[in-house]
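# Descriptive analysis of the structure
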Amino acid sequence: MTGSVTVLVVDDHPIFRAGMTTVLADLPEVRVVGEAVDGIDAVTAVARLLPDIVLMDLRMPRLSGIEATARITAAHPKTAVVVLTMDEDTDTLFAALRAGARGFLLKEAEVTDIMHALLTVSRGGAVFGPSVARRVLNHFDTPADRCRPQPFPELTDRECEVLTLLSQGLNNTSIAHALHLSEKTIRNRVSDVLAKLRVRSRAEAVALARDAGLGTCGGESNTR
C-alpha cells in the first residue's frame, strides 16, 4: 500500500526538515503529512494530524524534543516517536526513552536505516542505531545496581535517580527535564536526599555519591 505509514517531521532547521521531507517522499511506504518547527508546534500538529510516527529532533526552541515526546506519547499513545538527532549523549538517550520514544537514530543514519526504523516502529517494534544500541547494552550489562546502590538503602528509587543526576553535574532544571518533573519537585527531592544522607550541601552529597560509584560523567554541580 502506497504511503501506508504517515509521518510528521519535526526539526527547527528548515534545510534539514525540507531535505528529510524530500527523502521520505521518495519512499513508497511513507507519506509525510506535515512538518513542525519546534516542540510546541509538534504537539499541536500531532493533535491535528494524528500521524503514525513523529520523526523528532531533540534540541529545539520553546519546547525540547524530549518534553514534546513525553506530551505526545501521553496524549496520543497510538502515535510513535522516533528520535532523529545529532546528540549522542547517554543521558539524553535515556531521557528520550523515559519520555516514550520508540526509536533513537543519529542524523547521519542512512536512508535505508531510517526506512527500516519507520516500518519497524509502525509494526510495534523499537529501533536503535548501532552506536546507540551498544550504549543501551553497556548500560544494562553493568553489574552494579544503578537504581538502589547498597550504600544508600534509605533513599527511594526516585531519590537515587536524582542523586545520580546530581553527581553527573546536572542542575535542577536539567534534572527536571530528564525526569519529566517540575523544578519545585526536584528541589524537594534534593532536600530529601540531603536530609536522609545527613549532609548539609549538594557538594557533600555529590562527594558521597561519587565515592559510591555514581556519576561517572564529569561536571560541576549547579544549585539552580
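In this text, all values refer to a predicted model and were calculated from it rather than measured experimentally.

Criteria and thresholds
- Residues numbered from 1 in each chain as written.
- Predicted model: local features only at pLDDT ≥ 70, side-chain atom pairs only at ≥ 80, totals over all residues.
- Heavy atoms only, no water.
- Helix = DSSP H or I, 4+ residues; strand = E, 2+ residues; numbered from the N terminus.
- Buried < 20%, exposed > 50% of the residue type's maximum accessible area, 1.4 Å probe, protein only.
- Contact = heavy atoms within 4.5 Å.
- Axes fitted to C-alpha atoms, helices over the stretch in contact; angles between N-to-C directions.
- Parallel < 35°, antiparallel > 145°, perpendicular 65-115°, else oblique.
- Left-handed = near helix turned anticlockwise from the far one by under 90°.
- Nonpolar A, V, L, I, M, F, W, Y, C, P; charged D, E, K, R; others polar.
- Expected span 1.5 Å × (residues − 1).

For the rest of this paragraph, the subject is the environment of proline 51. Examined against the element boundaries, proline 51 turns out to sit in the loop between α2 (39–49) and β3 (53–56). The class for proline 51 is buried, based on a relative accessible area of 2%. When the C-alpha atoms of proline 51 and histidine 76 are compared, they prove to be 9.7 Å apart, with 25 residues separating the residues in sequence. Residues within four places of proline 51 in sequence aside, it is in contact with Thr6, Val7, Leu8, Val33, Val46 and Thr79.

This part covers the packing of helix α3 (residues 65–75) against helix α4 (residues 90–99). One way to put it is that α3 packs onto α4 with a least axis distance of 8 Å and a crossing angle of 20 degrees. Of the possible angle classes, the one that applies to α3 and α4 is roughly parallel. The hand of the α3/α4 crossing is right-handed. Where α3 approaches α4, its residues Ile66, Thr69, Ala70 and Thr73 are matched on the opposing element by Thr92, Ala95, Ala96 and Ala99. Across the contact of α3 with α4, the residue classes tally to 5 nonpolar, 3 polar and no charged.

Here we take up helix α5 (residues 111–122). With 12 residues, α5 should reach 16 Å at 1.5 Å per residue; the first-to-last C-alpha distance of 16 Å fits that figure. Where α5 is concerned, the buried positions are Ile114, Met115, Ala117, Leu118, Leu119 and Val121. Backbone geometry just after α5 places glycine 124 at a positive phi near 100 degrees.

Structural measurements only, silent on function.
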